[in-house]
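Spelled out, the chains give:
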Amino acid sequence: MDAAATLCEALWRGGAVTVSPEPVTLKSGRVSHVYVSLRHFACDADNLALLGHVFGQWLDGRRYALATAASLLSPMLAGAFAARFGLPLALFRADDSEKGLAGQVFGALAGEPLCLLDDVLTSGSTAIRAARAFREHGAASVALFVFVDKRPQGRKTDFPLPVAAPLTLGTLLRYGVETGRITGDAVALAGTELAFLEGE
């Protein structure tokens, strides 16, 4: 089983993907019956090691400064992987919860290619803001790595950053149906989400 397939199985086994009759309002404002969160998943040492392994396969000897996109998990992932792979770390503060720090970046970036790290990608608005701030502070280039790309197909064109993701939400949902992890009424809910992902 390759790294992406191993991760797909682990995310389902670890409860990181749910299809529920009770809808949730996503950060983007869209209401959905499907929710993906790696917050609890990544707090398990074995799961964090698996995420690092998957990221390391993508990295494959390339040297980036690893940077945060300011979600809850982004600093944890960027810090853990910077330490594991011996890469420089850069931080972006998106909000004003600490006075005077909104929009600031930290870390030596001049001339470095930079990779933003996050768990999932929905609209990408925070990542785009972070990338803009890092470029203004001297990053040579900015790419984005996420573990699950949740964007609908129509929103992948004209995105201003190169995106790497071992899994898409569509892949996770199809795997859930095929392996019987999604059953009963949830199959129709997953089908509605898949139609949205493929149709927009």
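None of these values were measured; they are calculated from a predicted model.

A. Quick look at the nonpolar core. With 44 residues, the main nonpolar core has L11 and F147 as its most contacted residues. Element by element, the count of residues in this core is highest for helix α1 (residues 3-13), at 6 residues. Look past the residues within four positions of L11 in its chain and what remains in contact with it is A16, V17, L38, F41, V148, L167 and L172. Listed in part, the 20 residues of the second largest apolar core include L121, A127, V142 and V146.

B. Layout of the side chain of T68. Note that T68 resides in strand β3 (residues 65-68). Assessed through its relative accessible area of 1%, T68 is described here as buried. Within the local environment of T68, its side chain forms a polar contact with the backbone nitrogen of F92, the two atoms lying 2.9 Å apart. Here T68 is in contact with S74, P75, A78, A90, L91, F92, L116, A130 and F134, once residues within four sequence places are set aside.

C. Geometry of the packing of aromatic side chains. Counted by the stated rule, this structure contains 10 aromatic pairs. On the numbers, 5.1 Å between centres and 45 degrees between planes, the contact of W58 with F145 is tilted. Residue W58 is found in helix α3 (residues 45-59), and its partner F145 is found in strand β7 (residues 141-149); the two are separated by 87 residues along the sequence. What makes F145 buried here is its relative accessible area of 2%. For the pair F145 and F147, a centre-to-centre distance of 5.1 Å together with 85 degrees between the ring planes defines the contact as edge-to-face. Here F147 falls in the buried class, since its relative accessible area comes to 0%. One aromatic cluster is present, formed by F55, W58, Y64, F81, F85, F145 and F147 through successive ring pairs. Sitting above the plane of the F196 ring, R30 keeps its charged end 3.6 Å from the centroid. In this structure, R151 packs its charged tip against the face of F159, placed 4.8 Å from the ring centre.

D. Fine view of the environment of R93. Mapped onto the elements, R93 comes out in the loop between β4 (89-92) and β5 (105-106). Sequence separation of R93 and A133 is 40 residues, and the distance between their C-alpha atoms is 9.6 Å.

E. Inspection of the packing of α3 against helix α4 (residues 74-85) at higher detail. Interaxial distance between α3 and α4 falls to 11 Å at its minimum, and their mutual angle equals 65 degrees. The angle between α3 and α4 falls in the class roughly perpendicular. For the crossing formed where α3 meets α4, the hand is right-handed. Here L48, A49, L51, G52, H53, F55, G56 and L59 of α3 come into contact with α4, specifically with M76, L77, A80, F81, R84 and F85. Among the residues forming the contact of α3 with α4, the class breakdown is 10 nonpolar, 3 polar and 1 charged.

Thresholds applied
- Residues numbered from 1 in each chain as written.
- Predicted model: local features only at pLDDT ≥ 70, side-chain atom pairs only at ≥ 80, totals over all residues.
- Heavy atoms only, no water.
- Core = buried A, V, L, I, M, F, W, Y, C linked by side-chain atoms within 4.5 Å.
- Buried < 20%, exposed > 50% of the residue type's maximum accessible area, 1.4 Å probe, protein only.
- Helix = DSSP H or I, 4+ residues; strand = E, 2+ residues; numbered from the N terminus.
- Contact = heavy atoms within 4.5 Å.
- Polar contact = N/O pair within 3.5 Å; in protein donor to acceptor, adjacent residues only side chain to side chain.
- Phe/Tyr/Trp six-rings, centres within 6.5 Å; stacked < 30°, edge-to-face > 60°.
- Lys NZ or Arg CZ within 6 Å of the ring centre and 35° of its normal.
- Axes fitted to C-alpha atoms, helices over the stretch in contact; angles between N-to-C directions.
- Parallel < 35°, antiparallel > 145°, perpendicular 65-115°, else oblique.
- Left-handed = near helix turned anticlockwise from the far one by under 90°.
- Nonpolar A, V, L, I, M, F, W, Y, C, P; charged D, E, K, R; others polar.

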